[in-house]
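Residue strings, one per chain:
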Amino acid sequence: MIPLSHFMIISAALFCIGLFAVLTKRNAIQILIGIEFMINAAILNFVAAGRFDRVAGGGQMFALFAIVLAAAGVAVALAIILNVYKHFRTINPDKIDTLKN
Amino acid sequence: MDFLTFSANTLCLLSLIALVFPFSSFLVILQLKKSQGATISIFNISVSLIASLLVFINVWNSTTLQQQVEWFQVGTVSISAGILLNNLSVLMMVLVSAISLLVHIYSISYMKGDENIYKYWAYLGLFCFSMMGLVISDSLLLIYMFWELVGMSSYLLIGFWFTKDAASQAAKKAFIMNRIGDLGFLTGLMIIYSQFGTFDIGRLFNVGGLVDSASIINGFWISESASVPVIWLTIAGLAFFIGAMTKSAQFPLHTWLPDAMQGPTSVSSLIHAATMVAAGVFLLGRVYPLFDSIALNTITVVGVFTAFMAATIALTQNDIKRILAYSTISQLGFMIAAMGIGAYGESIFHLATHAFFKCLLFLAAGSVIHQLHHYKEHHSLEFNHQDIRLMGGLRKQMPIAFITMCIAAAALAGLPFTSGFLSKDAILITSFEWAEGYHGFKKLVPFVLVLTSWLTVFYIGRLIFKVFFGKSNYKGVKDAPWPMTRILLILAFFSLFPLFSVNPLSYDNSWLLQGFVPAGVKPFDIFHLLVPIIVTGISAIIVLISYKLYGGTATKQLPENGLLYRFSNRAWYLDRVYDLLFVRSITALSIISHKFDTLIVDGLVNSLAGLARIISDIIHWFDRHVVDGLVNGIASLASKTGDFARQFQTGKLQHYLITMLTLVVTFFIITYLI
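Remember, it's a predicted structure, so these values are computed and weren't measured experimentally. (Residues numbered from 1 in each chain as written. Chains lettered and ligands numbered in written order. Predicted model: local features only at pLDDT ≥ 70, side-chain atom pairs only at ≥ 80, totals over all residues. Heavy atoms only, no water.)

For this particular structure, what's the right way to read the sheet that holds strand 4 (residues 220-222) of chain B?
Paired through backbone hydrogen bonds, the strands of a sheet run either parallel or antiparallel to each other. Residues and elements named next belong to chain B. Read from one edge of the open sheet, three strands run 3-4-5, paired in antiparallel fashion. At either margin of the open sheet sits one strand with a lone partner, and together these are strand 3 (215-217) and strand 5 (227-229). Each adjacent strand pair in this sheet contributes to an overall mean axis angle of 30°, direction not counted. Pairing between strand 4 and strand 5: three bridges, direction antiparallel. Residue pairing across strands places F220 opposite P229, the latter belonging to strand 5. Sitting on the sheet, helix 6 (residues 165-196) touches strand 4 and strand 5, and the angle it makes with strand 4 is about 65°. (Pairing = 2+ DSSP bridges. Helix = DSSP H or I, 4+ residues; strand = E, 2+ residues; numbered from the N terminus. Axes fitted to C-alpha atoms, helices over the stretch in contact; angles between N-to-C directions. Contact = heavy atoms within 4.5 Å.)

Put into structure tokens, the structure is as follows:
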């Protein structure tokens with residue numbers, strides 16, 4: 001049986017890859033993909049932890065909810081990106097620095 | 001004469017009219033600034049004369065009037081002001097207004113063409129007003145105020161031709177010398193007030209008044225309210241005398257008077273005859289009961305000495321007005337000396353007669369000066385038209401001036417049938433009678449006075465003979481115009497005996513003398529006979545001598561470089577002495593104090609300033625570096641912090657995320673690993 005720690009390592013690796021993508025990418029879509037990576041790392045954790053709750057299946061339940069929420073979140077984020085592109089004619093987050101001014 | 005008899009109230013009103021009218025001419029003329037003030041002035045002074053005459057008729061030898069109102073109140077002290085009319089004041093009123101009127105009329109012609117003529121009339125008005133006020137006031141304080149006003153207006157008049165340097169210097173000198181006397185007067189005033197608590201002349205000096213009833217016990221002068229050592233009585237008397245000394249030009253405070261000749265001659269005449277110089281004698285008359293024997297002796301000595309000194313100076317002067325000025329000083333010495341020996345009435349008598357003949361002398365001299373001045377301008381010549389050495393032979397050219405001046409000179413010399421004879425004899429005889437009761441230096445007094453009167457004869461003879469006899473240098477000089485000469489004629493009449501006494505050779509029955517308390521001396525008939533004869537006899541001889549010396553066509557030149565001559569000509573070097581003693585020493589003192597000021601006071605101030613500068617430099621440094629440094633440091637800290645914090649606010653999404661990540665990771669590291 002695969003021990004929990006393997007899941008944890010993979011999950012952590014996934015999270016780090018996602019985080020790296022979020023922090024470094026020059027494209028909002030790629031950042032969004034990074035975020036998906038990080039959410040999925042979390043979901044993987046839920047599912048892995050669900051092994052210890054076979055009766056109620058709490059981990060799986062939370063994973064389902066998280067997937068739905070992530071899907072909704074991606075929808076919203078894409079809508080924002082679309083609007084940002086309309087407004088700034090770019091989706092490079094480095095160029096969009098109106099927060100500063 | 002019933003219609004000329006008035007009630008007391010009317011009389012006071014009349015004397016107020018006599019006082020206020022000249023003042024109104026002062027105000028009105030200064031307001032109008034018309035070139036013609038003559039009509040107003042002469043009208044006002046005439047009203048004043050008429051009012052004075054009416055008052056005189058009613059008061060003389062019949063009553064003494066005093067009316068007063070409360071003037072002001074300080075705390076519980078109430079000072080009153082009012083009018084005191086007695087023989088002395090009504091006589092002075094008439095004298096002042098009469099002489100003033102004559103001088104006013106004379107001035108119309110004399111001052112004709114002066115560009116500031118309206119000021120002249122205004123100042124004359126002020127002068128008469130102050131003199132009238134001085135005469136009729138019943139309070140020493142009021143007299144003091146008018147006394148100052150007299151000094152002030154004399155300053156204005158002497159300096160009337162203020163563009164002439166000598167005139168403005170003379171005016172200043174007169175004013176400053178008079179301040180010394182004012183100080184004396186003020187001292188006397190304060191002593192009187194602290195002793196008796198009142199300025200009221202009536203209450204103070206009447207028979208049985210405060211001064212009379214104050215007693216001297218054990219060296220203390222005791223009045224109702226106060227008691228002081230008796231020396232204060234003497235000091236009070238001497239203080240008032242110092243006041244009188246300056247106004248009446250007594251040695252050693254007489255030097256302003258000859259210089260005052262810089263004013264117009266009509267002004268000199270007014271000042272010398274009846275007004276300013278008479279004020280001192282008048283003051284002595286007013287406070288007479290105050291003098292004790294020391295004060296009286298001082299007065300006598302000063303009077304006699306002044307009379308003698310001024311006569312010796314007059315001997316050698318060459319300026320016609322200066323001779324007359326010194327003769328005024330000399331005659332005032334006679335009056336003061338008469339006051340000192342107790343011959344109160346005789347002194348006032350001489351004051352009255354002197355007023356007329358001295359006024360005449362000045363006005364006649366003025367007419368000569370006036371004519372010569374016009375001659376000089378007409379022929380555009382350059383010579384001193386007041387120098388008697390350059391005159392001569394004017395007898396035929398100016399007969400009226402000659403005759404009137406001869407009468408006045410005779411009166412001054414005390415020759416018979418003139419008013420001066422009466423009053424001078426009165427003083428001389430009284431002085432002989434007075435000296436009978438004493439030994440020592442007091443015996444000298446009458447002899448010095450007689451000697452002085454002979455000197456008087458000589459110098460006035462010299463003046464007359466030099467001016468009117470001998471050869472004339474000026475062709476075509478005529479008598480002054482009628483408006484001037486008529487005044488001379490009127491005054492010439494007043495300088496003769498009938499105005500004062502029916503008997504031309506004896507003063508005993510003079511109405512004027514009978515108006516005053518007789519001198520308290522034992523009469524000696526022998527003097528009444530001998531003194532006039534001897535004095536007049538020798539006077540006649542002296543007239544002849546002076547005619548021989550100066551009257552001939554070929555005048556012999558007397559040596560003019562002897563020690564005595566120079567001593568006399570330079571007026572006993574008194575001006576030089578005063579210059580050395582007071583002017584130079586004060587100048588030296590002021591130079592020293594200037595040095596003290598620049599070196600020590602300024603040095604102190606400057607070093608203090610330097611110290612303050614150093615301290616302020618330190619404070620400046622401290623401010624700049626410490627206080628500012630602190631503030632700037634705090635500011636730059638805040639700015640640095642801000643700059644540091646700004647670095648994180650790039651506005652870029654991912655930077656924020658990195659920051660958050662860093663913080664969270666740091667937090668976790670701190671929480672779990674350490």
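When you look at helix 18 (residues 419-436) of chain B in this model, what are you seeing that I'm missing?
The α-helix advances 3.6 residues per turn, and as a result positions three or four apart in sequence lie on the same side. Given a rise of 1.5 Å per residue, 18 residues ought to cover 26 Å, and the 26 Å separating the end C-alpha atoms of helix 18 of chain B matches this to within 8%. With 17 of 18 residues buried, helix 18 of chain B lies mostly within the body of the structure. (Expected span 1.5 Å × (residues − 1). Buried < 20%, exposed > 50% of the residue type's maximum accessible area, 1.4 Å probe, protein only.)

Would you mind going over the interface of chain A and chain B with me for this structure?
Many analyses report the size of an interface as the accessible area lost when the parts associate. Between chain A and chain B, the contact holds 13 residues from the first and nine residues from the second. Both faces combined, the contact of chain A with chain B buries some 910 Å², and carbon together with sulfur accounts for 64% of it. In this assembly, chain A and chain B are joined by zero salt bridges. Joining chain A to chain B, the criterion identifies two residue pairs in polar contact (both at pLDDT 80 or more). (Buried area = accessible area lost by both parts, 1.4 Å probe. Salt bridge = Lys/Arg side-chain N within 4 Å of Asp/Glu carboxyl O. Polar contact = N/O pair within 3.5 Å; in protein donor to acceptor, adjacent residues only side chain to side chain.)

Mind showing me how you'd approach the packing of helix 2 (residues 38-59) of chain B against helix 4 (residues 117-136) of chain B here?
What describes two packed helices is the angle between their axes and the distance between those same axes. All names here are of chain B. As a packed pair, helix 2 and helix 4 sit with axes 9 Å apart at the nearest point and diverge in direction by 15°. Considering their axes alone, helix 2 and helix 4 lie roughly parallel with respect to each other. The hand of the helix 2/helix 4 crossing is left-handed. Contacts between helix 2 and helix 4 pair A38, S41, I45, S48 and S52 from the former with W121, C128 and M132 from the latter. For the contact of helix 2 with helix 4, a count of residues per class yields five nonpolar, three polar and no charged. (Parallel < 35°, antiparallel > 145°, perpendicular 65-115°, else oblique. Left-handed = near helix turned anticlockwise from the far one by under 90°. Nonpolar A, V, L, I, M, F, W, Y, C, P; charged D, E, K, R; others polar.)

Looking at this structure, I do not really get the pattern of salt bridges. What am I missing?
If the charged atoms of two oppositely charged side chains come close together, the side chains can form a pair. Residue and element names in this part refer to chain B. For the structure on display, the rule yields five salt bridges over all chains. Put simply, K173 and D259 hold a salt bridge, and the shortest N to O gap is 3.0 Å. Residue K173 is located in helix 6, and its partner D259 is located in helix 10 (residues 256-259); the two are separated by 86 residues in the primary sequence. Among the charged side chains, a salt-bridge network with shared partners connects E148, R179 and D182.

Would you mind showing me how to read a nonpolar patch on the surface here?
Together, F596(B), L599(B), I600(B), V601(B), L604(B), V605(B), L608(B), L611(B), I615(B) and I619(B) give the surface a local cluster of nonpolar side chains, amounting to about 960 Å² of exposed area. Relative to the elements of secondary structure, I619(B) occurs in helix 24 (residues 574-646). (Patch = residues over 30% accessible without salt bridge, like charges linked within 9 Å, V, L, I, M, F, W, Y side chains within 5 Å. Areas by Shrake-Rupley, 256 points an atom, 1.4 Å probe, with all protein chains shown as cover.)

When you look at the environment of I158(B) in this model, what are you seeing that I'm missing?
All names here are of chain B. Relative to the helices and strands, I158 is located in helix 5 (residues 140-158). Separated by 13 residues in sequence, I158 and A171 place their C-alpha atoms 5.2 Å apart. Not counting residues up to four positions away in its chain, the partners in contact with I158 are A167, A170, A171, A174, A260, Q262, G263 and I271.

Explain the UniProt feature "transmembrane region" (unreviewed entry) in chain A here, please?
All names here are of chain A. Following the UniProt record, one finds the feature "transmembrane region" (unreviewed entry) at residues 6-24, 31-49 and 61-85. Secondary structure across residues 6-24 comprises 100% helix and 0% strand; the distance between its end C-alpha atoms is 27 Å. Taken end to end, residues 31-49 comprises 100% helix and 0% strand; its first and last C-alpha atoms sit 27 Å apart. (UniProt positions renumbered as here; feature names shortened; annotations may be inferred.)

I'm lost on the side chain of T485(B) in this one. Help?
Positionally, T485(B) belongs in helix 20 (residues 482-494). The residues touching T485(B), leaving out its near neighbours within four places in the chain, are I400(B), D479(B) and A480(B).

Where do I start with the UniProt feature "domain: NADH-Ubiquinone oxidoreductase (complex I) chain 5 N-terminal" (unreviewed entry) in chain B in this structure?
The feature "domain: NADH-Ubiquinone oxidoreductase (complex I) chain 5 N-terminal" (unreviewed entry), as annotated in UniProt, sits at residues 71-120 of chain B in this numbering. Between the end C-alpha atoms of residues 71-120 of chain B the distance is 32 Å, and the span holds 56% helix and 26% strand.

For this particular structure, what's the right way to read the pairing of strand 2 (residues 77-85) of chain B?
Look at any regular strand and the pattern is simple: side chains alternate between the two faces of the sheet. Residues and elements named next belong to chain B. Summarising the sheet, strand 1 (residues 65-74) and strand 2 pair through nine bridges and their orientation is antiparallel. Residue pairing in the sheet places E70 in a bridge with S80 of strand 2. Between strand 1 and the antiparallel strand that follows it, strand 2, lie two residues; G75 among them carries a positive phi value of about 60°.

Just to check I follow, could you spell out the domain arrangement of chain B for this structure?
Per the domain assignment, the segments of chain B are domain 1 (292-559) and domain 2 (599-673). Of note, the centres of domain 1 of chain B and domain 2 of chain B, computed from C-alpha atoms alone, are 100 Å apart. (Domains from an automatic or database assignment.)

Would you mind showing me how to read the state of the cysteines here?
One way to say it: the disulfide is the covalent bond shared by the sulfur atoms of two cysteines. Scanning all chains against the criterion turns up zero disulfides over all chains. Looking at C359(B), it has no disulfide partner, and the nearest cysteine sulfur is the one in C128(B), 11 Å off. (Disulfide = S-S within 2.5 Å.)

Would you mind showing me how to read the packing of aromatic side chains here?
Given two aromatic rings, their pairing is described by the distance between the two centres and the angle made by the two planes. Residue and element names in this part refer to chain B. Per the stated rule, a full pass over the model turns up 25 aromatic pairs over all chains. Centre to centre, the rings of W147 and F185 are 5.1 Å apart; their planes meet at 85°, and the pair counts as edge-to-face. With W147 in helix 5 and F185 in helix 6, this residue pair connects regions lying 38 residues apart in the sequence. Each of the two residues, W147 as well as F185, counts as buried. Aromatic pair F251 and F305: ring centres 4.7 Å apart, planes at 70°, arrangement edge-to-face. With F251 in the loop between helix 9 (231-247) and helix 10 and F305 in helix 13 (residues 293-314), this residue pair connects regions lying 54 residues apart in the sequence. Sitting above the plane of the F334 ring, K424 keeps its charged end 5.1 Å from the centroid. (Phe/Tyr/Trp six-rings, centres within 6.5 Å; stacked < 30°, edge-to-face > 60°. Lys NZ or Arg CZ within 6 Å of the ring centre and 35° of its normal.)

Looking at this structure, I do not really get the side chain of S15(B). What am I missing?
Residues and elements named next belong to chain B. With respect to the secondary-structure elements, S15 resides in helix 1 (residues 8-32). When its relative accessible area of 1% is taken as the criterion, S15 is described as buried. Setting aside residues no more than four positions away along its own chain, S15 makes contact with V55, I83, L85, M93 and I136.

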